[in-house]
Amino acid sequence: MKAVRPIPRHLALVMLLVAAAIATIGYLALRRDAQNLRDTSQDNLLWSATQMEVELLRFELSTALLASQGTPEALEETRQRFDILWSRVLMIGRGRVGDALRHYDDGFGAIRAMATYLQELDPVIAKLRPGDRAKARGIVEDLRRHEERLRLFTLRVVGGDTGAVGRVRERIAAGSRTTALISGAAVLACLLCVLMILREQWRRKMIEELERRHAAEAEQANRAKSRFLTMMSHELRNPLNGVLGPLALLAQSELPARLRRLVEQAQQSGQSMLQMLSGLLDYGEMQEGRFELKQEPFRISALAAKIRADLSGPAEAEFGVGVHPKTPELLYGDEERLRQVFVHLGAYVMEACDRSAVRLDFGFEGSAIEGEFTFGTDAAAHSWNVEPLMGQSELAPDQVSTDTLRPMIARGLILAAKGVLTLYADDKGRRAIRVAVPSRRVSFERIRVHLETRSAALAAIYQAALRSERVVFVSPDSPGPVDLVLVDATTIGADTLMSQLRYRFPDALFVSLGLPQSPNFFDDIVETPNDIGTLRTSVLGRLAS
Amino acid sequence: MPSFRLKGRHSAEAALLVALCARAPMAAGGDPALVLARGPVKMELSFRDLDALPKRTIVTGNDFSDGEVAYRGPLVRDVLARLALDRSETVRLLAANDYAIDIPTSDFVTYDVILAMEADGHALSLRDLGPLWLMYPISDHAELRDPAYSSRLIWQVIRIETP
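Keep in mind the model is a prediction, meaning the values are calculated, not measured. (Residues numbered from 1 in each chain as written. Chains lettered and ligands numbered in written order. Predicted model: local features only at pLDDT ≥ 70, side-chain atom pairs only at ≥ 80, totals over all residues. Heavy atoms only, no water.)

(A) Layout of the overall build of chain B. Along chain B, the regular secondary structure elements total 5 helices and 11 strands. The burial tally for chain B puts 50% of its 163 residues in the buried class. In chain B, the proportion of contacts linking residues at least 24 apart, taken out of those at least 6 apart, comes to 62%. For chain B, the exposed area adds up to about 7100 Å²; of that, 50% sits on carbon and sulfur atoms. (Helix = DSSP H or I, 4+ residues; strand = E, 2+ residues; numbered from the N terminus. Buried < 20%, exposed > 50% of the residue type's maximum accessible area, 1.4 Å probe, protein only. Contact = heavy atoms within 4.5 Å. Areas by Shrake-Rupley, 256 points an atom, 1.4 Å probe, with all protein chains shown as cover.)

(B) Structural view of the side chain of Asp334(A). Residues and elements named next belong to chain A. Relative to the assigned elements, Asp334 resides in the loop between strand 3 (330–333) and helix 9 (335–350). The class for Asp334 is buried, based on a relative accessible area of 7%. Polar contacts involving the side chain of Asp334 include one to the main-chain amide nitrogen of Lys294, which spans 2.9 Å. There is a polar contact of 2.9 Å between the side chain of Asp334 and the side chain of Arg337. Beyond its immediate chain neighbours, meaning those up to four positions away, Asp334 contacts Glu292, Leu293 and Lys294. (Polar contact = N/O pair within 3.5 Å; in protein donor to acceptor, adjacent residues only side chain to side chain.)

(C) Structural view of the confidence of the model for chain A. In this model, chain A carries a mean pLDDT of 82, and residues with pLDDT of at least 70 account for 90%. By mean pLDDT, the top-scoring element of chain A is helix 3 (residues 72–91) of chain A (92), and the lowest-scoring one is helix 10 (residues 379–382) of chain A (56). (pLDDT = per-residue confidence, 0-100.)

(D) Region of interest: the packing of helix 5 (residues 110–127) of chain A against helix 6 (residues 133–252) of chain A. All names here are of chain A. Across the interface, helix 5 lies against helix 6 with an axial gap of 10 Å and an inter-helix angle of 160°. Overall, the two elements helix 5 and helix 6 adopt an arrangement that is roughly antiparallel. Our pair here, helix 5 against helix 6, has a crossing hand that is left-handed. Facing Ala110, Ile111, Ala113, Met114, Tyr117, Leu121, Val124 and Ile125 of helix 5, the residues of helix 6 in contact are Ile139, Asp142, Leu143, His146, Arg149, Leu150 and Phe153. Split by residue class, the contact of helix 5 with helix 6 holds 12 nonpolar, 1 polar and 2 charged. (Axes fitted to C-alpha atoms, helices over the stretch in contact; angles between N-to-C directions. Parallel < 35°, antiparallel > 145°, perpendicular 65-115°, else oblique. Left-handed = near helix turned anticlockwise from the far one by under 90°. Nonpolar A, V, L, I, M, F, W, Y, C, P; charged D, E, K, R; others polar.)

(E) Spotlight on the packing of aromatic side chains. Here the structure, examined in full by the defined rule, presents 11 aromatic pairs over all chains. A centroid spacing of 6.5 Å and a plane angle of 40° characterise the contact between Phe319(A) and Phe373(A), whose relative ring orientation is tilted. Of this pair, Phe319(A) sits in the loop between helix 8 (300–311) and strand 2 (320–323) while Phe373(A) is found in strand 5 (residues 368–375), placing the two residues 54 residues apart along the sequence. Taken individually, Phe319(A) and Phe373(A) each receive the classification buried, so the pair is uniform in this respect. Judged by centre distance (5.7 Å) and plane angle (75°), the ring pair of Tyr71(B) and Trp133(B) falls under edge-to-face. Here Tyr71(B) is found in strand 4 (residues 69–74), whereas its partner Trp133(B) is found in strand 10 (residues 133–135), with 62 residues between them in sequence. Trp133(B) matches Tyr71(B) in its accessibility class, with the two residues each being buried. Above the plane of the ring of Phe108(A) lies Arg149(A), whose end atom (NZ or CZ) is 5.7 Å from the centre. Geometry around Tyr332(A) places Arg440(A) over its ring, the cationic atom sitting 4.0 Å from the centre. (Phe/Tyr/Trp six-rings, centres within 6.5 Å; stacked < 30°, edge-to-face > 60°. Lys NZ or Arg CZ within 6 Å of the ring centre and 35° of its normal.)

(F) Up close: the side chain of Ser278(A). Residue and element names in this part refer to chain A. Looking at the secondary structure, you find Ser278 in helix 7 (residues 257–288). Residue Ser278 is classed as buried on the basis of its relative accessible area, which comes to 13%. Engagement of the side chain of Ser278 in a polar contact is seen with the side chain of Arg237, the distance being 3.4 Å. The residues contacting Ser278, other than those within four sequence positions of it, are Arg237 and Gln340.

(G) Representation of the environment of Gly26(A) in the model. For Gly26(A), the position within the fold is in helix 1 (residues 9–42). With 155 residues separating them in the primary sequence, Gly26(A) and Leu181(A) have C-alpha atoms 9.4 Å apart.

(H) Fine view of the sheet that holds strand 3 (residues 55–60) of chain B. All names here are of chain B. Spatially, 4 strands are ordered 3-4-8-9 in an open sheet, and the strand pairing comes out antiparallel. Looking along the sheet, the strands with just one partner apiece sit at the ends: strand 3 and strand 9 (122–123). The pairing of strand 3 with strand 4 spans 6 bridges and is classified as antiparallel. Directly across from Thr60, in strand 4, lies its bridge partner Val69. (Pairing = 2+ DSSP bridges.)

(I) Summary view of the sheet that holds strand 5 (residues 90–95) of chain B. All names here are of chain B. In space, the 5 strands of this open sheet follow the order 2-1-11-5-6, with mixed pairing throughout. Of all strands in the sheet, those bounded by a partner on one side alone are strand 2 (41–45) and strand 6 (100–104). Between one strand axis and the next, the sheet turns through 20° on average, direction left out of account. Examined bridge by bridge, strand 1 (residues 34–38) and strand 11 (residues 157–161) share 3 bridges and lie parallel to one another. When the sheet's bridge partners are listed, Leu36 is paired in strand 11 with Ile160.

Right under this line is the structure:
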């Protein structure tokens, strides 16, 4: 796809300045046009000038009427017309209109002469009587002398007014041309802006399309990679199980100590590889967005035992894993994924620290399972790279290396379980990693217990000792689920029977009373079955919490 | 009857004219100051009648005076109300010099238009464009600085009627 260059900033700035200049010029032109129109309409002085001439004629007419009739009414009319004519003359020089009229009289003197005459006439009018007809005729004669000059004054005003109107008309025409030019420029600028906007929109659309295509390609490549990873993990697990099975059989046979150690080492490496493959399988599912966690009851002590077995090296270098006494035995969660989290983290930690200095303790705080790794204060522990653990190198996928693989899988699983990983130092200076994953207790309103023993006396003792409001002993034929199966290991231990029991009560907790012949069938072992107190607290207590 | 005098002027020339032309107060005799007419019904108002109405002072400039002048007189809407002329949409005002103009009565509701009887404390005479000069508060409202309103400043008002 052809790359489209974005509109340069300086071009946009120039367009903005041009638009601002056009707007300013347009505003000034409109303002001038408005002023021109105002001047045109306000400069109508002709009316005022002609009115003065009209009032002179009216005064002249009223005076002529007085000369012919000699009545008091005619005299009153004459005086009133005299005052009105005076009011016209007095307007000259007052206000904007008066100033303009005086300007026309400057160098001509018609109004000034009229004012002088009226000033002389004022006392005459005041003393005039109805019978003074001769005086009235004389006034008429005098007024006729002013008529011609006043007419010429009016013509001066007409000429000046016409010229002024012409000038204003020219200004308006010029203003209109300017406005038309500005409008044309504005339209042109708008068209250019529209073209620029359309081009920019088209460019953005192209970029979006390109990005969408790249994203789809990347997503497809990622899915293909994840699918390949999943398939490979799956395919690798099958032959690996084929190796681990014979190794387990080999471990059960009589072997010299040296060979047994080699077999155990091979088993441990195989288990480690199996976990890694499981982790990769989960990671692939997470990448594809189809990863799901189970929420099933599991035993915390069993989880701890499995992690201990996974992380322990040779027999003399057992990894320390503990469960806080107040931790509920049964919890909801995905046991297998939790096991992976702690195994991956533990393995990563032990790459930098002495195995014996590392310890993992489980607890239950609020509504979360907490697993806390504590490890040494030695220099190696402090120089240990925590970035992969905290996900700080996640943004650079090309930097993923073999040593960051385990923390990456662990962090992905913690995130999927909505958990939190915290790195801190305790008050003794020991560094620690705490993982908290939301969970909840498995609570039973009533615990249904099945006791499997051949000894009626022992059965009576246990039933008497453990029976309470929350504990109900049920027979094997009773309907409903069984929560706890107590097996008298001293009389029953045959694998066949245990397999049948396990099959019949798949969800129950199996506790061996005494050391069993096959520990693998049991979830917990009470070594001293006569110690009823221990039995009640360690098994029933956790189960019922 | 109130006495009428020429109001003060600013230019020297005008001052001279005023001084020379000042004369005794206009004798109104029995003539009414203002006639209100609504169809066949007429009402004559004397200066005493107009003087008895509440008065308003507006300080404003116009095209026919220098600077701002304090005009004082009754509100036109109060005068019109004497003969219910304010119910008409338009009234016609006539001047002693036969000038006439029609003005919408809404103007008198929107603005405090007065029939000015005094200017800067002096009664207006016929020579001062009085004794009654319709005055808008032009300086208080920008929209009134328009030729349309300037032409409504009718002076020497003698009659108001329905058109």
